[in-house]
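Here are the chains, one letter per residue:
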Amino acid sequence: MIEAVNLTKVYHIPDKDPGVRGAVKALFRPRHTSKTAVKDVSFAIEPGEIVGYIGVNGAGKSTTIKMLTGILVPTGGQVRVLGRDPHRERVANARDIGVVFGQRSQLWWDLALRESLTMVGRIYEVDDARFQRLISEFSETLELKELLPIPIRNMSLGQKMRAELAATLIHEPRIVYLDEPTIGLDLLVKERIRAFIKRINQEKGTTVVLTTHDLGDIEELCRRVLIIDNGVLIYDGSLETIKQRFGKYREITFETAADLNGLDVPTGADVLEKGGRTLSLRFDRTQTSASRVSASIMSQIEVIDLSLKEPDLSMVVKQIYQGGLKETA
Ligand SMILES: Nc1ncnc2c1ncn2[C@@H]1O[C@H](COP(=O)(O)OP(=O)(O)OP(=O)(O)O)[C@@H](O)[C@H]1O
Ligand SMILES: [Mg+2]
């Protein structure tokens, strides 16, 4: 459905000395600094997938999305979306895709949502019956009913994002690109938006490419993730695999009946934190196990309570962002 081959984008940023002299000089002898935002990125996305595209700020996510949607022309490499060049065949491509940039609104500020949606519907030549069906569908799934008479300008961030999603999906595109759709939203709205994305994917088979800094989005929606680091794709695979590969440390915390003085730390574990009567240990589960670590502690001291923490995705991703894909964890 989407294919990128050695996709590369170099931005040329003009260097200019300050002031009029600088401007004149730049006119005759323009100088540029180049920034390679995306470098030799290749991947293929199948119909019906939800793929998470993650990386730190400035890694090149939005730049990639802009090339996939045809907004930007790649400096090198190729993109094919449904067999087309998304930039050269912009009009045809536009019918099949929808895009949401969470940081920017695409709607008309002064129009009530209903009018905005009507405009978008007309632009995409959505026929009346289908339009009505979608409006009532979105009224339910995105809880838009009360928002229809309200101008976008008067909406809260969460309301705006729901409106934005409706406008993006009113022509039922086969692919949607969502660039940080949950940015700045509260937990309930995030949940609603995630449920909505899941639903269009399951019910309509919509293919979704999602960039986000919210790992909850990823965890709930994506089986596959792409990780981009400094313009280079460093991982393309299942979420499960990175979790296993990088999540080999576990944390276990004991609450004890007596002071911890003189306690021997079990082999294969390190002390993370030691308080008066609490002890947190970290262990490598390929070398030891929770039961061996706790048995060792319990043989030394009376344990009142213990808890085991599963490595969460944020811990894993932090390690990857910090250390590249080297075996750090
Ligand atoms: N129009 C532009 N002109 C010059 N440089 C740009 C332009 N747009 C982006 N860049 C640079 O390209 C790099 C990648 O930017 P991009 O917006 O793709 O990152 P991102 O992964 O989307 O980051 P974020 O998570 O902050 O949204 C950054 O170093 C950025 O400064
Ligand atoms: Mg971005």
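Residues numbered from 1 in each chain as written. Chains lettered and ligands numbered in written order. Predicted model: local features only at pLDDT ≥ 70, side-chain atom pairs only at ≥ 80, totals over all residues.

**Here's the deal with the overall build of the protein**
In plain terms, the rule: Comment: elements are numbered from the N terminus, with helices defined as DSSP H or I runs of at least four residues and strands as E runs of at least two. We take the radius of gyration over the C-alpha atoms and set the globule estimate at 2.2 Å times the residue count to the 0.38 power. Any residue surrounded by 20 or more other C-beta atoms within 10 Å of its C-beta is treated as buried, while 12 or fewer makes it exposed and the intermediate range makes it partly exposed; C-beta atoms here are placed from the backbone. Two residues form a contact once the distance between their C-beta atoms, set from the backbone, is within 7 Å.
A count of helical and extended segments in the protein gives 11 helices and 13 strands. Its C-alpha atoms give the protein a radius of gyration of 25 Å, clearly above 20 Å, the size a compact globule of 329 residues would have. Taken along the three principal axes of its C-alpha coordinates, the protein extends 75 × 60 × 40 Å. Per-residue burial over the protein gives 33% buried out of 329 residues. For the protein, contacts bridging at least 24 residues in sequence account for 70% of all contacts bridging at least 6.

**Things to note about the site of ligand 1**
The criterion, for reference: Any residue whose C-beta atom, as placed from the backbone, lies within 6 Å of a molecule or strand is termed near it. Each residue gets one label: Ala, Val, Leu, Ile, Met, Phe, Trp, Tyr, Cys and Pro are nonpolar, Asp, Glu, Lys and Arg are charged, and the others, such as Gly, are polar.
Near ligand 1 the following residues occur: Tyr11, Ile13, Lys35, Ala37, Gly55, Asn57, Gly58, Ala59, Gly60, Lys61, Ser62 and Thr63. Those elements that place two or more of their residues in the shell around ligand 1 are strand 1 (2-15), strand 2 (31-45) and helix 2 (61-69). Considering every element that reaches the shell around ligand 1, the biggest residue donor is helix 2, with 3 residues. Residues belonging to the shell around ligand 1 are distributed by class as follows: 4 nonpolar, 6 polar and 2 charged.

**Remarks on the packing of helix 4 (residues 113-123) against helix 6 (residues 157-169)**
Which entries qualify depends on this criterion: All axes here are fitted lines through C-alpha atoms, helices being fitted over the stretch that makes contact, and every angle between N-to-C directions spans 0 to 180 degrees. We call two directions roughly parallel when the angle between them is under 35 degrees, roughly antiparallel when it is over 145, roughly perpendicular when it lies between 65 and 115, and oblique otherwise. Note on convention: the crossing is left-handed when the near helix lies turned anticlockwise from the far helix by less than a right angle, right-handed when the turn is clockwise.
One can describe the packing of helix 4 onto helix 6 by two numbers: an axis separation of 9 Å at closest approach and a directional angle of 25°. In terms of orientation, helix 4 and helix 6 fall into the roughly parallel class. Helix 4 and helix 6 meet at a crossing whose hand is right-handed. For the pair helix 4 and helix 6, the contacting residues are Leu113, Ser116, Leu117 and Val120 in the first and Ala163, Ala166 and Ala167 in the second. Tallied by class, residues from the contact of helix 4 with helix 6 come to 6 nonpolar, 1 polar and no charged.

**Side note on the domain arrangement of the protein**
To keep things clear, this is the line we draw: The split of the chain into domains comes from an automatic or database domain assignment.
Domain annotation for the protein reports domain 1 (2-240) and domain 2 (249-310). Each of domain 1 and domain 2 has a C-alpha centre, and the two are 46 Å apart.

**Quick word on helix 5 (residues 128-141)**
Since one α-helical turn is 3.6 residues long, residues separated by three or four positions face the same way. Let me state the cut-off plainly: Take the number of residues in a helix, subtract one, and multiply by 1.5 Å to get its expected span.
Compared with an ideal rise of 1.5 Å per residue, which puts 14 residues at 20 Å, helix 5 spans 20 Å between its outermost C-alpha atoms and is within 8% of the ideal. Backbone geometry just downstream of helix 5 places Glu143 in the positive-phi region, at approximately 50°.

**Notes on the sheet that holds strand 10 (residues 249-256)**
Quick reminder of the rule: Here, strands pair whenever DSSP counts at least two bridges between them.
Taking strand neighbours across the sheet as the criterion, the 4 strands line up as 11-12-10-13 in an open arrangement whose pairing is antiparallel. With partners counted over all chains shown, the strands left at the sheet margins are strand 11 (269-274) and strand 13 (303-309), one partner each. Between one strand axis and the next, the sheet turns through 25° on average, direction left out of account. As judged from the 5 bridges shared by strand 11 and strand 12 (residues 278-284), these two strands associate in the antiparallel manner. Across the sheet, Ala269 pairs through a bridge with Phe283, a residue of strand 12. Contacting strand 10, strand 11, strand 12 and strand 13, helix 10 (residues 290-300) crosses the sheet at an angle of about 25° to strand 10.

**A few points about the sheet that holds strand 8 (residues 224-229)**
One open sheet holds the 6 strands; their spatial order is 5-6-7-3-8-9, and the pairing between them is mixed. Both edges of this open sheet fall to strand 5 (97-101) and strand 9 (232-238), since each of them pairs with a single strand only. Across this sheet, the average inter-strand angle for adjacent strands is 15°, counted without regard to direction. In this structure, strand 5 lies alongside strand 6 (residues 175-179), joined through 5 bridges in parallel fashion. Across the sheet, the residue bridging to Ile97 is Ile175, located in strand 6. Running at roughly 160° to strand 5, helix 6 makes contact with strand 5 and strand 6 of the sheet. On top of the sheet, helix 9 (residues 239-246) reaches strand 8 and strand 9; it is set at about 105° to strand 9, its chief contact.

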